[in-house]
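Descriptive analysis of the structure
Now for the letters of each chain:
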Amino acid sequence: MSGFEGSLSDLNIVYVGDPAAPQLGWLKAAGANVVVASTAEEARTAAEKDPTAVDAAMIDADWPEVGWLGLARDLPSSCELLVLSDRPDVALFDAVSTLRGDFLSKSAAQTDLIFRLKNTTKLSVPSMRRLAVNAAKLWSLPRQLSRLLYFNLWSYSDQEIADAMGLSRHTIQEYQDELRRRTGVRTKHAYLRRLLEYAGEEPPLSMSDNTRAHVTQYRRRVENT
């Protein structure tokens, strides 16, 4: 496995599936710290010992000893999910997508596996510009309000935004009122949270019934666009 030695040495992975599968050998050769589980219960036990210490779970959906979907739902939210299968179908793809996981065919090369795991577990943040573009479409925002939302996502003050847009602070405050009216968000600091909720992220604190109804409405709207 020349060229990949040590490339996964910073990852702690729970592997669930055939202990004789080549993918397991590739993980170990790349230096990953691997906990091997042949049943769902073994995997749950490994993940529950220290949820923050598990970077990813790689689950063989074809392994007969594992009900992969139930196991995936029980994994810590901080644990990335990679599902392997040689018999994928639409239902499997939809389930993996709903769980915000990733999929890889078991016939994929070791290069693809290493790349997928590195990409899945790397530190990443949402693109504020892309969030603003999507929000502008979602809420049908004109250009000035779209720019305002973008600056709000970066938590700039009204004065900083006024200077950047070449407008008075009073005008920016009027724009803020209009933006709140169109979006139903009360403060500039709530836009990022609301957009993440629309995208399917579950907040660490429970939502009120009114907020959940609002989010559900917009999720349906997004799905139908």
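Note: the structure precedes this text.
If you're wondering where the values come from, they're calculated on a predicted model, not measured in any experiment.

1. Structural notes on the overall build of the protein
What the protein contains, in helices and strands, is 11 helices and five strands. The C-alpha atoms of the protein give 22 Å as radius of gyration, which overshoots the globular expectation for 225 residues (17 Å, by more than 25%). Each principal axis of the C-alpha atoms in the protein carries an extent, and together these give about 65 × 40 × 30 Å. Sorting the 225 residues of the protein into buried and exposed places 38% on the buried side. Taking as baseline every contact in the protein between residues at least 6 positions apart, the subset at least 24 positions apart corresponds to 52%. Carbon and sulfur atoms make up 50% of the accessible area of the protein, which totals about 12,900 Å². Of the side-chain charges in the protein, 27 are positive and 29 negative, and the distance between the mean point of each set is 10 Å.

2. Some details on the side chain of asparagine 152
Assignment of secondary structure puts asparagine 152 in helix 7 (residues 143-153). Among the polar contacts listed, one links the side chain of asparagine 152 to the side chain of glutamine 176, at a separation of 3.0 Å. When neighbours within four sequence positions are excluded, asparagine 152 is seen to be in contact with Ile161, Gln176, Leu179, Lys188 and Tyr191.

3. A closer look at the nonpolar core
One recurring pattern in soluble globular proteins is that nonpolar side chains are buried together. Of all hydrophobic cores here, the largest spans 24 residues; its most connected members are Trp139, Leu141, Leu149, Leu153, Leu179, Tyr191 and Leu195. Where this core is concerned, the elements lending two or more residues are helix 6 (128-139), helix 7, helix 8 (158-165), helix 9 (169-183) and helix 10 (191-198). Per element, the largest residue contribution to this core is seven residues, and it comes from helix 6. Those residues within four positions of leucine 195 in sequence are excluded, and the remaining contacts are Leu131, Ala135, Trp139 and Leu153. Ile59, Cys79, Val83 and Leu92 belong to the second largest nonpolar core, which has 23 residues in total.

4. Observations regarding the environment of isoleucine 161
Relative to the elements of secondary structure, isoleucine 161 occurs in helix 8. For the pair isoleucine 161 and isoleucine 172, spaced 11 residues apart in sequence, the C-alpha separation works out to 7.4 Å. In this structure, isoleucine 161 is in contact with Leu148, Phe151, Asn152, Tyr156, Ile172, Gln176 and Lys188, ignoring residues within four places of it in sequence.

5. Points about the pattern of salt bridges
For side chains bearing opposite charge, pairing can occur when the charged atoms are close. For the structure shown, the criterion picks out nine salt bridges. One salt bridge in this structure joins aspartate 62 and arginine 87, with 3.8 Å as the shortest N-O distance. With aspartate 62 in the loop between strand 3 (56-60) and helix 3 (68-74) and arginine 87 in the loop between strand 4 (80-85) and helix 4 (90-98), this pair connects stretches of sequence that are 25 residues apart. With relative accessibility at 58%, the residue arginine 87 sits in the exposed group. Its salt-bridge partner being aspartate 102, residue arginine 116 comes within 3.4 Å of it at the nearest N-O pair. Taken together, the residues span a long stretch of sequence, with arginine 116 in helix 5 (residues 110-121) and aspartate 102 in strand 5 (residues 102-105) at a distance of 14 residues. Since its relative accessible area comes to 23%, arginine 116 is described here as partly exposed. In the salt-bridge network here, residues are joined through shared partners; they are Asp60, Asp62, Arg87 and Lys106.

6. Examining the pairing of strand 5
Relative to strand 5, strand 4 runs parallel, the two sharing four bridges. Among the inter-strand pairings, valine 83 is bridged to a residue of strand 5, identified as phenylalanine 103. Assessed by its sense of winding, the connection that carries the chain from strand 4 through helix 4 to strand 5 is right-handed.

7. Focus: the packing of aromatic side chains
One pass over the full model with this rule turns up four aromatic pairs. Considering the side-chain rings of tryptophan 139 and tyrosine 191, the 6.4 Å spacing of their centres and the 70 degrees angle between planes classify their relative orientation as edge-to-face. With tryptophan 139 in helix 6 and tyrosine 191 in helix 10, the pair connects residues that are 52 residues apart, well separated along the chain. Here phenylalanine 151 and tyrosine 156 contribute two aromatic rings whose centre-to-centre distance is 6.2 Å and whose plane-to-plane angle is 70 degrees, an arrangement assigned as edge-to-face. Tyrosine 156 gets classed as partly exposed once you look at its relative accessible area, which sits at 36%.

Definitions and cut-offs
- Residues numbered from 1 in each chain as written.
- Predicted model: local features only at pLDDT ≥ 70, side-chain atom pairs only at ≥ 80, totals over all residues.
- Heavy atoms only, no water.
- Helix = DSSP H or I, 4+ residues; strand = E, 2+ residues; numbered from the N terminus.
- Rg over C-alpha atoms; globule rule 2.2 N^0.38 Å.
- Buried < 20%, exposed > 50% of the residue type's maximum accessible area, 1.4 Å probe, protein only.
- Contact = heavy atoms within 4.5 Å.
- Areas by Shrake-Rupley, 256 points an atom, 1.4 Å probe, with all protein chains shown as cover.
- Lys, Arg positive; Asp, Glu negative; His and termini not counted.
- Charge placed at Lys NZ, Arg CZ, Asp CG, Glu CD.
- Polar contact = N/O pair within 3.5 Å; in protein donor to acceptor, adjacent residues only side chain to side chain.
- Core = buried A, V, L, I, M, F, W, Y, C linked by side-chain atoms within 4.5 Å.
- Salt bridge = Lys/Arg side-chain N within 4 Å of Asp/Glu carboxyl O.
- Pairing = 2+ DSSP bridges.
- Right-handed = clockwise from strand over helix to strand, strands pointing away.
- Phe/Tyr/Trp six-rings, centres within 6.5 Å; stacked < 30°, edge-to-face > 60°.

Nothing here speaks to function; it is all geometry.
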